[in-house]
Number of protein chains: 2
Amino acid sequence: MILRVKDTTVATGGPLIGIVNLLDAEKLDLHPMDRIKVVKGKQEETIVVDIAATELIVPEGWIGLNREVTEILKVKTGDKVGIVLARKPLSIDYIKKKLDGHVLIKKEFEQIVWDIVHNKLSEAEITYFVAACYTNNLTDAETVMLTKAMVSQGDKLKLDKYPIMDKHCIGGVAGNRTTMIIVPIVGAAGLTIPKTSSRSITSPAGTADTMEVLANVKLSLQRMTEVVKRVGCCIVWGGSLNLAPADDKIIKVERPLSIDAESQLIASIISKKLSVCSTHILLDIPCGKGAKIKHLKSAQILKHHFEELAKKLGIKVRVVITDGSQPVGNGIGPALEARDVLWILKNDERGPLDLKEKSLSLAGQLLEMGGKARRYKGYQMAKQILESGRAYEKMKEIIHAQGERIKEPDQIPISKFHFTIKSKVKGKVTSINNEAVTKVARVAGAPQSMSAGLYLHKHVGDHVARRDKLVTVYAKCDEKLKYAKDLCKEIELMTIS
Amino acid sequence: MILRVKDTTVATGGPLIGIVNLLDAEKLDLHPMDRIKVVKGKQEETIVVDIAATELIVPEGWIGLNREVTEILKVKTGDKVGIVLARKPLSIDYIKKKLDGHVLIKKEFEQIVWDIVHNKLSEAEITYFVAACYTNNLTDAETVMLTKAMVSQGDKLKLDKYPIMDKHCIGGVAGNRTTMIIVPIVGAAGLTIPKTSSRSITSPAGTADTMEVLANVKLSLQRMTEVVKRVGCCIVWGGSLNLAPADDKIIKVERPLSIDAESQLIASIISKKLSVCSTHILLDIPCGKGAKIKHLKSAQILKHHFEELAKKLGIKVRVVITDGSQPVGNGIGPALEARDVLWILKNDERGPLDLKEKSLSLAGQLLEMGGKARRYKGYQMAKQILESGRAYEKMKEIIHAQGERIKEPDQIPISKFHFTIKSKVKGKVTSINNEAVTKVARVAGAPQSMSAGLYLHKHVGDHVARRDKLVTVYAKCDEKLKYAKDLCKEIELMTIS
């Protein structure tokens, strides 16, 4: 059948879709989500069918193609294309198999991941895969196969080095910018650590957002390689690299229900690490109210599964369960966090002690794993590197290599729209509400506005006098400041008793 | 935030969707599948957000709205609308709960069904619901709640009668047009039977397609009510009525993986019957190779669940498991099946005996259930009604009331493009391949072309001489005849040995 192209000008960012009129669909006995092959000269592409019931959308004799398809086939509105029936991707059968509770084999995972990466599956089909992995769970062997398949269907950082260090934090705790202190320490010790970080999705800042205050983080894989070869380390945004791209599409369908199948979470984290060829990974699981992992039991199960998987993949993993009950550091939001980090690296007394201690402890573990320090001696070595100023020197090298913006903490612009909450009582801080802190910082404008966020003057356990400063909120503009103020009347950031 | 409307001219037939530019999304901290309320004057509607990464699709300051949304809000390209954040539908939490393996309560099913009917859920979200019902299954009590929720969110046929008879066949067997013989028999006996039927999705004809050869089947609920009040019965297409509309949207996301959760299947069938207020339902489960239900064990489990559910809903159900190993009747395809039906109703000797016997047996059961015949006397009564000509008279009344097309079997046009397959050997028919029969009939043009299909000259168990006619294929046109011929060389319709 020959149809004329109508460019819908819509890009789904996902499945390749063609919309045909009901009358043409009947001629070919097509149904929604069937597959057809669209042919234009020597170009051809198999796409998912949707059906238009009225002339208005797609008239008889025409086929509506989304942007992804018109770009692949290099066609425009009015062009003629050939249509032939195609069979559904093989992975549909494998997804059904998993949904029925069976165990999948290597080539089945590879096919599913390939089809996801190449936009061959509709959103509903990917959703069935995620739902199946969630309710029927994957065995450790299956998680290994899924992880490897995700890595193989993406780009890889190639470095001729051993060991290659890495770290990851499961997240959910505001502040907690340990990466930006650990990487320069570990790098200064001579270890290779090509760190990729994410941007914030629901938090006030991701490490990539905070690092972006100081340096360019959008590097190509080639430039990242050059930086790591020269400096030994980097802190870049993982999203601009094509590492394990299936993962991003899986995360997209997980969001509506906030589903996080444990096996998917593990495969997601490890696949990103394997894509940069990491051999030694330190995993930080903050645990507590407000963190992603709320109970020690769940943290321990997750730790166990990570360790099992690492063994099967032949990589070294250390998992530490840390306190996730309150924010780490004083600043929350890109600029305020970046300032904390530089103060610590410069041994300025304004640097928050909790963030410094946590970073030293984690960096120490990495120094031990990488063979630079003997067991139980890592912390001391990390402290010595930090306090000698070598870590700050390394950070300046990183900033310079990636594309410098700022390297002095007191040059970082913080918003002038601010207000401070003071204590009405005398007492002791008994808790800080992680979720409330996140919400206020985001309403104030973080992370889209780098200079917005909040500053915690007190931490859990601190003594408080009447009229002591508790929190200062920095907003993007006057309007956002008002919203943040209103919000602070409704929710309690700190409990004092 | 105020945005200008861009009418995407795309109708999804499902969720209400608005596409905003990434830059606007960041301002409101919006993510794909978040909800926003779009306000235009006094009209407002909550819709699902998708995000465009480039200017090309939706520029900053604009919002792309699909056809469903522009129609509800009565807006056109260039209009200004207000955007405010809205929370996700409650049903998202309930779907998550089901996915986690918990039992849902009445109001949770009601909310889910309401949101599905009102296009409040994205395809991925409905898919999670179906996947959850599939892998975690529903209890009988849950199936009852889901069924009732589906009925309450749709239109209902209101008749002041008791009993109201109904029948349903699980399907998968070609031919098998018992409804068009049973309804006139049961109607002639004075029982009320307001039958709604479906069109073919993957078969050569649905009952609605075959009935459409003889009469109009697209009736409004009001006209259907008038017909049933006057004639006592009808045979109409259920798709033009708004009965349990959630079901159609659920079936749409089930198709890609051919998922048929048993609880969904039961809820789907029973909800359509309760929407026409049926009190006595006869359920036919054809069982055998090529039918939807392949094994006797599965048929028995399904029978048991139907009976349990009926008890809980206070309706009378009889379930019969019939032979589904071969097609029923001789004609396959709308016109050929309609001719078989009228031959039987007119007691013409050309009427296929297997279809007649099966119909009499099922009609007899309904006569017993409805109190017209004593136990074991139904078949005799049905036979007497059919052979006396009263069933044919009733059928003529139905055809006349719905909008007459044809009432004489020999006036039905059958395609002139045909070829006949003859036996190359002497022997006995040992099997007929249901799936192959369906495929050949559809390639020949059925059901879009009413006059296409095939005619079986022999059934399983019949003796065959060399050069005896086995099957005649009728195609829409010469080209389709050629395709059908080619297909018949590849697949075997009948096995003779």
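Here's what I pulled together on the structure shown here. The residue numbering used here restarts from 1 in each chain and proceeds along that chain's sequence as written. Numbering of ligands from 1 and lettering of chains from A proceed in the order in which they are written. This being a predicted model, a pLDDT of at least 70 is required before a residue's local features are given, and a value of 80 or more before pairs of side-chain atoms are given or counted; all residues contribute to the totals for chains, interfaces and linings.

### Quick look at the relation of the copies chain B and chain A
Part 1 of the reasoning: A least-squares superposition brings the copies together, and it is based on the C-alpha atoms of residues with pLDDT no lower than 70 in both. Least-squares fitting of chain B to chain A yields an RMSD of 0.1 Å, with the transformation described by 0.1 Å of translation along the axis and a rotation of 179°. Viewed as a symmetry operation, the transformation between the two copies matches a two-fold axis. Considering only C-alpha atoms, the part of chain B nearest the rotation axis is Ala124(B), at 2.7 Å.
Part 2 of the reasoning: Placing a C-beta atom from the backbone of each residue, one calls two residues in contact when those atoms lie within 7 Å. A share of 100% of interface residues in chain B that are also interface residues in chain A marks the association as one of identical surfaces.

### What to know about the nonpolar core
Looking at soluble globular proteins, one finds that nonpolar side chains tend to be buried together.
Part 1 of the reasoning: Val186(A) and Val186(B) are the most contacted members of the largest nonpolar core, which totals 282 residues.
Part 2 of the reasoning: With residues near it in sequence (within four places) discarded, Val186(B) still touches Met165(B), Leu191(B), Ile193(B), Cys233(B), Ala363(B), Leu366(B) and Leu367(B).
Part 3 of the reasoning: Think of a nonpolar core as buried Ala, Val, Leu, Ile, Met, Phe, Trp, Tyr and Cys residues, each tied to the set through C-beta atoms within 7 Å. Three exposure classes are used, based on other C-beta atoms lying within 10 Å of a residue's own C-beta, which is placed from the backbone: buried for 20 or more, exposed for 12 or fewer, and partly exposed in between. Core analysis: the second largest hydrophobic core is formed by 56 residues, Ala25(A), Trp62(A), Ile83(A) and Val38(B) among them.

### So, the packing of helix 3 (residues 91-99) of chain A against helix 5 (residues 123-136) of chain A
All names here are of chain A.
Part 1 of the reasoning: Lines fitted to the C-alpha atoms define the axes, with helices restricted to the stretch that makes contact. Angles between their N-to-C directions range from 0 to 180 degrees. Secondary structure counts use DSSP, requiring at least four H or I residues in a row for a helix and at least two E residues in a row for a strand, with both numbered from the N terminus. At a closest axis distance of 8 Å, the pairing of helix 3 and helix 5 adopts a crossing angle of 30°. With respect to their mutual orientation, helix 3 and helix 5 come out roughly parallel. Like other packed secondary-structure pairs, helix 3 and helix 5 cross with a definite hand, here left-handed. Packed against helix 3, whose contacting residues are Ile-92, Ile-95, Lys-98 and Leu-99, the element helix 5 presents Glu-125, Tyr-128, Phe-129, Ala-132, Cys-133 and Asn-136 at the interface.
Part 2 of the reasoning: The classification used treats Ala, Val, Leu, Ile, Met, Phe, Trp, Tyr, Cys and Pro as nonpolar, Asp, Glu, Lys and Arg as charged, and all other residues, Gly among them, as polar. Here the residues of the contact of helix 3 with helix 5 are counted per class, giving 7 nonpolar, 1 polar and 2 charged. Reported orientations rely on four angle classes, namely roughly parallel under 35 degrees, roughly antiparallel over 145, roughly perpendicular from 65 to 115, and oblique for the rest. Crossings are assigned a handedness: left-handed for a near helix turned anticlockwise from the far helix by less than a right angle, right-handed for a clockwise turn.

### Overview of the packing of helix 5 (residues 123-136) of chain B against helix 10 (residues 246-254) of chain B
All names here are of chain B.
Part 1 of the reasoning: Close contact between helix 5 and helix 10 brings their axes to 9 Å; oriented N to C, the two are set at 85°. It follows from the interaxial angle that helix 5 and helix 10 lie roughly perpendicular. Contact residues: helix 5 offers Glu-123, Ile-126, Thr-127 and Val-130, while helix 10 offers Lys-249, Ile-250, Val-253 and Glu-254.
Part 2 of the reasoning: The residue inventory of the contact of helix 5 with helix 10, partitioned by class, reads 4 nonpolar, 1 polar and 3 charged.

### So, the pairing of strand 9 (residues 233-237) of chain A
Residues and elements named next belong to chain A.
Part 1 of the reasoning: Counting buried positions along strand 9 gives 5 out of 5 residues, so the element sits mostly inside the fold.
Part 2 of the reasoning: Strand pairing is defined by DSSP finding a minimum of two bridges between the two strands. Sheet analysis places strand 8 (residues 193-197) next to strand 9, joined by 5 bridges and oriented parallel. Following the sheet pairing, Ser-197 is matched in strand 9 by Trp-237.

### Let's talk about the sheet that holds strand 2 (residues 17-21) of chain A
Residue and element names in this part refer to chain A.
Part 1 of the reasoning: Strand order around the closed barrel formed by 6 strands is 1-5-2-4-3-6, with mixed pairing between neighbours. Ignoring strand direction, the axes of neighbouring strands in this sheet form an average angle of 45°.
Part 2 of the reasoning: With 4 bridges joining them, strand 1 (residues 2-7) and strand 5 (residues 62-65) adopt parallel strand pairing. Opposite Lys-6, over in strand 5, you have Gly-64 as the bridge partner.

### Side note on the interface of chain B and chain A
Part 1 of the reasoning: In this assembly, 37 residues from chain B lie in contact with 37 residues from chain A.
Part 2 of the reasoning: Elements with a contribution of two residues or more to the side of chain B that touches chain A: helix 3 (91-99), helix 5 and helix 10 of chain B.
Part 3 of the reasoning: The dominant element in the side of chain B that touches chain A, judged by the number of residues it contributes, is helix 5 of chain B, at 10 residues.
Part 4 of the reasoning: Of the residues in the side of chain B that touches chain A, the class split is 19 nonpolar, 9 polar and 9 charged.

### Quick look at unusual backbone geometry
Residue and element names in this part refer to chain A.
Part 1 of the reasoning: Residue Pro-163 is reached from Tyr-162 by a cis peptide bond, and omega for that bond is -5°.
Part 2 of the reasoning: Looking at the secondary structure, you find Pro-163 in the loop between helix 6 (140-152) and strand 7 (165-169).
Part 3 of the reasoning: Along the chain, Ala-446 connects to Pro-447 via a cis peptide bond; the corresponding omega equals 0°.
Part 4 of the reasoning: Phi is positive for Tyr-376, close to 70°, though the residue is something other than glycine.
Part 5 of the reasoning: Here Tyr-376 lies in the loop between helix 14 (353-369) and helix 15 (378-387).
Part 6 of the reasoning: Positive phi, normally seen in glycine, also occurs at Arg-467, with a value near 70°.
Part 7 of the reasoning: Take Arg-467: it is sitting in the loop between strand 16 (463-464) and strand 17 (469-475).

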